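Secondary and tertiary structure notes
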Amino acid sequence: NLVLRLAGLRKSYNVGKPNELEVLHGIDMQIGAHDFAALVGPSGSGKSTLLNMIGLLDAPTAGELYLLGRPTARMSDAERTALRGAQLGFVFQFHHLIQAFTSIENVLMPLMLTQGKPSSEDREHAMDLLAEVGLHDYANVRPSELSGGQQQRVAIARALVTRPALLLADEPTGNLDTKAAAKVFDLFRRFNKAYNCAVLIVTHDQRLSAACDRSINLVDGRIVSDESNLRS
Ligand code: ADP
Ligand code: ADP
């Protein structure tokens, strides 16, 4: 029951040029359908590069990446984009909400991109998600009227509106104070359980990583440890 499987995945930049650089050196890794995992590692270790592969934003130089059993390495950009839209949700350090849109319009955005005009069920689903992130009463306001933590919670609702199999978060609490960060983290937990959505959080923060069920440690483009944080 795997969401994701990486097999011998390599990534080089500037292939064929004098400054060619291999950044990921044969990554093997699996993410299960219910996993709640952190990807940690020092700056420059290749976390962003790996996240770009997993997020189907970029293709590996060698090896394979299976998303829900489907090999993706040799997919066309169009196939990759379609699979990304259907199965992956993204939360970034900076939420990238559209300032001219209200909360509910921002949450509906991924659906509008893939299927056009949202149905009344879509709107209901988006409202339910806003309620679950504690923003039921803020559906019709714009991001500028929300706090940083509230904006990030809109971004989480947006990431989940397509019911993705895997939620990818890049330093999702990096820009928040401790209290807002704890709230955001609790929401990931809740959605992981309630929606059976696998979660992978990229972070520098050791405490955040230790609070996940599993910590995958990347150093110099290699996985040096992959440990459960659950006490038996
Ligand atoms: P992290 O996210 O862990 O800081 P990155 O994946 O951003 O690591 O970077 C890993 C290595 O790849 C670094 O040496 C970085 O300079 C290099 N790198 C990242 N992106 C590119 C790129 N587009 N072109 C060339 N080198 C890159
Ligand atoms: P972060 O690791 O915080 O996500 P970035 O991915 O933006 O940060 O950059 C990480 C490293 O990759 C930096 O050292 C940066 O200089 C390098 N890098 C990013 N893009 C490129 C690029 N196009 N060419 C070369 N190096 C890059």
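- Identification of the chain as ABC transporter ATP-binding protein from Pollutimonas thiosulfatoxidans is taken from an unreviewed UniProt entry.
- For the record of the chain, the UniProt heading Sequence similarities (unreviewed entry) holds the text "Belongs to the ABC transporter superfamily. Macrolide exporter (TC 3.A.1.122) family."

Quick word on the site of ligand 1
- Taken together, Tyr13, Val23, Pro42, Ser43, Gly44, Ser45, Gly46, Lys47, Ser48 and Thr49 form the complete shell of residues around ligand 1.
- A distance of 2.9 Å separates an oxygen atom of ligand 1 from a polar atom in the backbone of Lys47.
- Contact distances for ligand 1 include 2.7 Å between an oxygen atom and a side-chain N or O atom of Ser48.
- When residues in the shell around ligand 1 are grouped by element, the largest group, 3 residues, is from helix α1 (residues 47-54).
- Class assignment for the residues of the shell around ligand 1 results in 3 nonpolar, 6 polar and 1 charged.

Remarks on helix α5 (residues 148-160)
- Helix length check: α5, at 13 residues, gives a terminal C-alpha distance of 19 Å against a target of 18 Å (1.5 Å per residue), a fit within 8%.
- Within α5, 12 of the 13 residues are buried, which leaves it mostly tucked inside the rest of the structure.
- Among the residues of α5, those classed as buried are Gly149, Gln150, Gln151, Gln152, Arg153, Val154, Ala155, Ile156, Ala157, Arg158, Ala159 and Leu160.
- On its buried face, α5 sits against β6 (88-91), α3 (103-115), α4 (120-132), β7 (166-170) and α6 (178-194).

About the thresholds
Residues numbered from 1 in each chain as written. Chains lettered and ligands numbered in written order. Predicted model: local features only at pLDDT ≥ 70, side-chain atom pairs only at ≥ 80, totals over all residues. Heavy atoms only, no water. UniProt positions renumbered as here; feature names shortened; annotations may be inferred. Near = heavy atom within 4 Å. Polar contact = N/O pair within 3.5 Å; in protein donor to acceptor, adjacent residues only side chain to side chain. Helix = DSSP H or I, 4+ residues; strand = E, 2+ residues; numbered from the N terminus. Nonpolar A, V, L, I, M, F, W, Y, C, P; charged D, E, K, R; others polar. Expected span 1.5 Å × (residues − 1). Buried < 20%, exposed > 50% of the residue type's maximum accessible area, 1.4 Å probe, protein only. Contact = heavy atoms within 4.5 Å.

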